[in-house]
Amino acid sequence: MSTIYFPEPFRIKSVEPIKMLTKEERIKKIKEADYNVFNLDSEDVYIDLLTDSGTGAMSTTQWAGVLEGDEAYAGSKSYRALIKSATEIFDFDYIQPVHQGRAAEKILLPILLKNKKYAISNMHFDTTRAHVEIAGARAIDCVVAEALDTTSPYDFKGNMDNARLVELIKELGSENIGTIIITITNNSAGGQPVSMANIKETSSIAKKHKIPVLIDAARCFENAYFIKEREANYNKKSIAEIVKEMFACGDFFTMSAKKDAIVNMGGLVGVRDKKVAELVKQRCISFEGFVSYGGLSGRDLEALAIGLKEGLDENYLQYRIGQIEYLGAKLDKAGIPYQKPTGGHALFVDAGKFLPHIPYNEFPAQALIIELYIEAGIRGCDIGSYMLGNNPDTGEQLKAEFEFARLAVPRRVYTQAHLDVIAQALINIKARVNTIKGYKITEEPPILRHFTAKLKPI
Ligand code: F0G
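Residues numbered from 1 in each chain as written. Predicted model: local features only at pLDDT ≥ 70, side-chain atom pairs only at ≥ 80, totals over all residues. Heavy atoms only, no water.

## What to know about the environment of Lys309
Link 1 in the chain: Relative to the helices and strands, Lys309 is located in helix α11 (residues 298-311).
Link 2 in the chain: What makes Lys309 partly exposed here is its relative accessible area of 36%.
Link 3 in the chain: Taking C-alpha positions, Lys309 is 8.2 Å from Ile89, a pair spaced 220 residues apart along the chain.
Link 4 in the chain: Apart from residues no more than four positions distant in its own chain, Lys309 is found in contact with Ser85, Glu88 and Ile89. (Helix = DSSP H or I, 4+ residues; strand = E, 2+ residues; numbered from the N terminus. Buried < 20%, exposed > 50% of the residue type's maximum accessible area, 1.4 Å probe, protein only. Contact = heavy atoms within 4.5 Å.)

## Notes on the pattern of salt bridges
Link 1 in the chain: Taken as a whole and judged by the stated rule, the model has 29 salt bridges.
Link 2 in the chain: The salt bridge partner of Lys23 is Glu375, with a shortest N-O separation of 3.9 Å. Of this pair, Lys23 sits in helix α1 (residues 23-32) while Glu375 sits in helix α14 (residues 364-376), and the two are 352 residues apart along the sequence.
Link 3 in the chain: Residue class for Lys23 comes out partly exposed when judged on its relative accessible area of 34%.
Link 4 in the chain: Residues Lys353 and Asp350 are paired through a salt bridge, measuring 3.4 Å at the closest nitrogen-oxygen approach.
Link 5 in the chain: The network of salt bridges with common partners includes Asp52, Arg219, Glu222, Asp260, Arg320 and Arg411. (Salt bridge = Lys/Arg side-chain N within 4 Å of Asp/Glu carboxyl O.)

## Some thoughts on the side chain of Ser203
Link 1 in the chain: On the secondary structure map, Ser203 appears in helix α7 (residues 196-208).
Link 2 in the chain: Assessed through its relative accessible area of 7%, Ser203 is described here as buried.

## Considerations on helix α5 (residues 126-134)
Link 1 in the chain: Listing the buried residues of α5 in full gives Thr127, Thr128, His131 and Val132. In a view along the axis of α5, the buried residues occupy a sector of 140 degrees, so they form one face of it.
Link 2 in the chain: Residues of α5 that are buried in the fold lie against α4 (101-112), β3 (118-121), β4 (138-141), β5 (177-183) and β6 (213-216).
Link 3 in the chain: Looking at the residues trailing α5, positive phi occurs at Gly136, about 90 degrees. (Arc of directions from axis to C-beta.)

## Focus on the packing of α1 against α14
Link 1 in the chain: In the contact formed by α1 and α14, the axes pass within 7 Å of each other and the chain directions differ by 145 degrees. Only Ile370, Tyr373, Ile374, Glu375 and Ala376 of α14 make contact with α1, whose side of the interface consists of Lys23, Arg26, Ile27, Lys29 and Ile30.
Link 2 in the chain: A breakdown of the residues in the contact of α1 with α14 according to their chemical character gives 6 nonpolar, no polar and 4 charged. (Axes fitted to C-alpha atoms, helices over the stretch in contact; angles between N-to-C directions. Nonpolar A, V, L, I, M, F, W, Y, C, P; charged D, E, K, R; others polar.)

## Section: empty space enclosed by the protein
Link 1 in the chain: What the rule picks out here adds up to 3 cavities of 30 Å³ or more.
Link 2 in the chain: Space inside the largest cavity adds up to approximately 60 Å³.
Link 3 in the chain: What lines the largest cavity is a set of 10 residues, among which Phe6, Gly322, Gln323, Gln416 and Leu419 lie closest to the centre.
Link 4 in the chain: Contributions of two or more residues to the lining of the largest cavity are made by α12 (314-334) and α16 (416-431).
Link 5 in the chain: In terms of residue class, the lining of the largest cavity is made up of 6 nonpolar, 3 polar and 1 charged. (1 Å grid on protein atoms, 1.4 Å probe; cavity = no way out; pocket = protein on both sides within 12 Å on 5 of 7 lines; lining within 4 Å. Points joined across faces, edges and corners; volume = space filled by probe spheres on them.)

## Some remarks on the sheet that holds β6
Strand pairing in a sheet relies on backbone hydrogen bonds, with the paired strands running either antiparallel or parallel.
Link 1 in the chain: Ordered by their spatial adjacency, 7 strands build an open sheet running β2-β8-β7-β6-β5-β3-β4, and the pairing between neighbours is mixed. What marks the edges here is a single partner per strand, and that holds for β2 (94-98) and β4. Each neighbouring strand pair of the sheet contributes to a mean axis angle of 20 degrees, computed without reference to strand direction.
Link 2 in the chain: Each of β2, β5, β6, β7 (252-256) and β8 (267-271) is contacted by α4, which is oriented at about 155 degrees to β7, the strand it contacts most. (Pairing = 2+ DSSP bridges.)

## Observations concerning the layout of surface pockets
Link 1 in the chain: Roughly 1400 Å³ of volume is contained in the second largest pocket.
Link 2 in the chain: In terms of lining residues, the second largest pocket is bounded by 36 residues, among which Ser14, Glu16, Ala57, Arg412 and Val413 are the most central.
Link 3 in the chain: Secondary structure elements with two or more residues in the lining of the second largest pocket: α2 (60-68) and α12.
Link 4 in the chain: Of the residues forming the lining of the second largest pocket, the biggest block, 3 residues, is contributed by α2.

## Topic: α11
Helical geometry: 3.6 residues make up each α-helical turn, so side chains three or four residues apart lie on a common side.
Link 1 in the chain: For α11, spanning 14 residues, the distance from its first C-alpha to its last is 20 Å, which sits close to the expected 20 Å at 1.5 Å a residue.
Link 2 in the chain: Turning to α11, its buried residues number three or more, namely Gly298, Leu301, Glu302, Ala303, Leu304, Ala305, Ile306, Gly307, Leu308, Glu310 and Gly311. (Expected span 1.5 Å × (residues − 1).)

See the structure below:
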């Protein structure tokens, strides 16, 4: 008997037309874009899997909330609605809305890293790493070894390597470590979850050494769903209970609400310490806006208050995670390698294995991303050596741990028929895989080059 994937727990009330250009047009467009998908116009993309961030579809309730938004500069009722909703879910003493995840990092990380040398995380997301470095510290990743083997079907590939964490604390000195960051889910390892047991162990190690724990909560509801599905004794608990239990292990949290809270813009900072809360307020007023709006419109606050609750819904999460599982099962049948088991927000095709004839310095994941656009108008992104860039001292191309072509699925946006197109496009590419060539960079800026670099087929 074949698996029945959990279907969409919604029906469609409003649609946004999209169209697929002809293959000739797509070949022309990608050339004009200098083989960089960030240069494509979104109208020229049929299925946009560039990111799951801020690209979700809001519900009728959220859109109704948009009209209800209170745009008062201070004391808006939408602000109170958001604080009520977020406090019920996360149970933190102080919660500050901000405009997105990196704004939360910009506000909080310099406070935690003042006079400190290091932040340690299971894996830092790029912007988190950047803000650790801007605060004058260094970011160290400490993920379990299982994450690095895309073929091993380990349930919690997002986990912190806690044995290594203890060694690192000994080596570096606990007084030099400003924070331990638990990223749930672990985006950079493939949207992979972190188990409750692992979160608790990390938190108790941190407590023992008096190092504060910061939860990077961008996809915390998806992480809770995986705990419920995969970890012993959590099957009977609600997602809300699991979220509370995870957050009880943190002293702080930052959240890009553009993911699991299904809004197009928004973020949160969570704090327990009263003194730090005061510093957060001051920094928020300077960088984001007054505390009761934090860089967001009243309507955004209202949509976020509602989206947080919708993101927790188990039927929705089952459908959401089910979409990625469905895609993964199709790729299994076709023998297409990806980070296994499927994670939360995206399918990470292992382009290093899919295109083994293309070396890392000719960017196999970028080559696959370009082929996906040419094949079916699908836009994903390279999470590999092309994204990683050059060694800042020697200028030499760095070799990434993974060569992932990330296909991030926006929330509540694409149907199962769209997923079939994605799988078929990969299958068609597999049939002509030996004809695919690598790429060479013709122009690049010194940092974050993947957004603006120009490329040429070799
Ligand atoms: N933390 C994680 C784990 C993220 O994945 C992101 C963003 C951020 C922080 C920063 O949040 O974009 O709201 O400022 N990830 C997006 C992505 C951009 O495509 O994976 P932001």
